[in-house]
Amino acid sequence: MTGGKARTSGAAGAEQQEVLRQFVALFRNRGWLNRKLKIRYRGAGYRIFCSDTEFLVYRINDNACVSPGIPGWPVCMVRQDEVFHDAEMCPFPKGEPDARGWLHCMTIEDFEVI
């Protein structure tokens, strides 16, 4: 699961479905499924959401000087047939985690709910 957007089938598609299944199980067990959460991870704000069909991460723009029409941008999305990871276009020197990185972060609770 590298940067950019990918639609896959076969083994890669099965891997994406497994990652999504793990997100869904984790969020369901924590009572977060179908809830929007605002978190802080490594000093940055994010909105995260997981349903039975998708996992989404949206980076919150913390710059107070930016107009209200530009509140943030999507950085990761996992669906059964598609993965999006915005590593190549991230405006920050440190890249955003990929789908497996977010799964690890969520699993070990390496974030703060805000």
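The structure contained in this document is the topic of the report that follows. (Residues numbered from 1 in each chain as written. Predicted model: local features only at pLDDT ≥ 70, side-chain atom pairs only at ≥ 80, totals over all residues. Heavy atoms only, no water.)

### Quick word on the pairing of strand S2 (residues 37-41)
The alternating pattern of S2 places Leu37, Ile39 and Tyr41 on a buried face, while none of Lys38 and Arg40, on the opposite face, is buried. Examined bridge by bridge, S2 and strand S3 (residues 44-50) share five bridges and lie antiparallel to one another. Bridging across to S3, Leu37 finds its partner in Ile48. The hairpin turn running from S2 into S3, its antiparallel successor, is two residues long, and Arg42 in that turn takes a positive phi close to 50 degrees. Sheet topology places S2 next to strand S7 (residues 112-113); two bridges connect them, and they run antiparallel. (Buried < 20%, exposed > 50% of the residue type's maximum accessible area, 1.4 Å probe, protein only. Helix = DSSP H or I, 4+ residues; strand = E, 2+ residues; numbered from the N terminus. Pairing = 2+ DSSP bridges.)

### Re the nonpolar core
Phe23, Phe27, Ile39, Phe55, Val78, Trp102 and Met106 are the most contacted members of the largest nonpolar core, which totals 28 residues. Elements represented by at least two residues in this core include exactly helix H1 (10-29), S2, S3, strand S4 (54-60), strand S5 (72-79) and helix H2 (99-107). At six residues, the largest contribution of residues to this core is made by H1. When residues no more than four places from it in sequence are discounted, the contact partners of Trp102 are Phe23, Ile39, Tyr41, Tyr46, Phe55, Val57, Cys76 and Pro97. (Core = buried A, V, L, I, M, F, W, Y, C linked by side-chain atoms within 4.5 Å. Contact = heavy atoms within 4.5 Å.)

### Observations concerning H2
Because an α-helix packs 3.6 residues into every turn, residues spaced three or four apart end up facing the same way. Every buried residue belonging to H2 is among Ala99, Trp102, Leu103, Cys105 and Met106, and all of these are buried. Axial view of H2: buried residues confined to an arc of 165 degrees, hence all on one face. Capping the start of H2 is the job of one residue whose side-chain oxygen sits 3.3 Å from the backbone nitrogen of Arg100: Asp98. Phi for Glu109, located one or two positions after H2, is positive at around 55 degrees. (Arc of directions from axis to C-beta. Polar contact = N/O pair within 3.5 Å; in protein donor to acceptor, adjacent residues only side chain to side chain.)

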